[in-house]
Amino acid sequence: MKDYQQADKTYQKIDSRFILGHQELALLRQLQGRLPEALDQQREFVKLLDDPAVTGLPMNQQPWAFETDRARIEFHGLERKKAYAYYSLSTTFYLLDREDEAMEYLNKARALHDPRKKQ
């Protein structure tokens, strides 16, 4: 609804251990042109995905679902969620003209989907 200030206030109230909330807040900040703050949120997003105590919480066990006019995308499992986080972080680094860091996270995401790796 483009009420970014109200959305920001609402997301600030979400449990800080709710992993996807950090990505949603990062996207909100990107829409506002606040890329450095979006980057901070995405770094927290990635950090939480590496914490088994947080990823094991029931609120973080559900698949992540995103809908567009044309498709519904779901991410099941920790590796796919990490890949999404790495791609997102890579995009923000790229938008900030930090291409080396963007490539680092792009490669991390790709490594999670390496067909030579046993699933």
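Placed above this text is the structure.
Before going into details, it helps to say that this report is about the structure given with it. Computed from a predicted model, the values in this text were never measured in an experiment.

### Quick word on the packing of helix α3 (residues 35-49) against helix α5 (residues 78-95)
And step 1. Look at α3 against α5: their axes get within 10 Å of each other, and the N-to-C directions meet at 160°. Between α3 and α5, the crossing angle belongs to the class labelled roughly antiparallel. Here the hand of the crossing between α3 and α5 comes out left-handed. Residues Leu 35, Leu 39, Gln 42, Arg 43, Phe 45, Val 46 and Leu 49 of α3 pack against Leu 78, Lys 81, Lys 82, Tyr 84, Ala 85, Tyr 86, Ser 88, Leu 89, Thr 92, Phe 93 and Leu 95 of α5.
And step 2. Grouping the constituent residues of the contact of α3 with α5 by class yields 12 nonpolar, three polar and three charged.

### A short note on the side chain of Gln 23
And step 1. Turning to its location among the elements, Gln 23 is positioned in helix α2 (residues 19-31).
And step 2. On the basis of relative accessible area, Gln 23 is assigned to the buried category, the value being 1%.
And step 3. Once you skip the residues sitting within four places of it in the chain, Gln 23 turns out to touch Gln 42, Phe 45, Tyr 84 and Ser 88.

### Structural notes on the packing of aromatic side chains
And step 1. This structure, assessed with the given rule, holds eight aromatic pairs.
And step 2. Consider the rings of Phe 45 and Tyr 84, whose centres lie 6.4 Å apart with planes at 85°: the pair is edge-to-face. Pair noted here: Phe 45 is in helix α3 and Tyr 84 is in helix α5, with a separation of 39 residues, a long-range link.
And step 3. By relative accessible area, Phe 45 is classed as buried at 0%.
And step 4. A relative accessible area of 15% places Tyr 84 in the buried class.
And step 5. Seen from their ring centres, Phe 93 and Tyr 105 are 5.8 Å apart, and the 20° between their planes marks the pair as stacked. With Phe 93 in helix α5 and Tyr 105 in helix α6 (residues 99-112), this residue pair connects regions lying 12 residues apart in the sequence.
And step 6. The class for Tyr 105 is buried, based on a relative accessible area of 16%.
And step 7. Taken together, the aromatic side chains of Phe 45, Trp 64, Phe 66, Phe 75 and Tyr 84 make up a single cluster linked through ring pairs.

### Some words on the environment of Phe 75
And step 1. Mapped onto the fold, Phe 75 is located in strand β2 (residues 72-75).
And step 2. With a relative accessible area of 18%, Phe 75 lands in the buried category.
And step 3. Spatially, the C-alpha atom of Phe 75 lies 6.6 Å from that of Ala 65, the residues being 10 residues apart in sequence.
And step 4. Phe 75 has contacts with Pro 63, Trp 64, Phe 66, Arg 80, Lys 81 and Tyr 84, leaving out every residue within four places of it along the chain.

Each value, and the rule that gives it
- Residues numbered from 1 in each chain as written.
- Predicted model: local features only at pLDDT ≥ 70, side-chain atom pairs only at ≥ 80, totals over all residues.
- Heavy atoms only, no water.
- Axes fitted to C-alpha atoms, helices over the stretch in contact; angles between N-to-C directions.
- Helix = DSSP H or I, 4+ residues; strand = E, 2+ residues; numbered from the N terminus.
- Parallel < 35°, antiparallel > 145°, perpendicular 65-115°, else oblique.
- Left-handed = near helix turned anticlockwise from the far one by under 90°.
- Contact = heavy atoms within 4.5 Å.
- Nonpolar A, V, L, I, M, F, W, Y, C, P; charged D, E, K, R; others polar.
- Buried < 20%, exposed > 50% of the residue type's maximum accessible area, 1.4 Å probe, protein only.
- Phe/Tyr/Trp six-rings, centres within 6.5 Å; stacked < 30°, edge-to-face > 60°.

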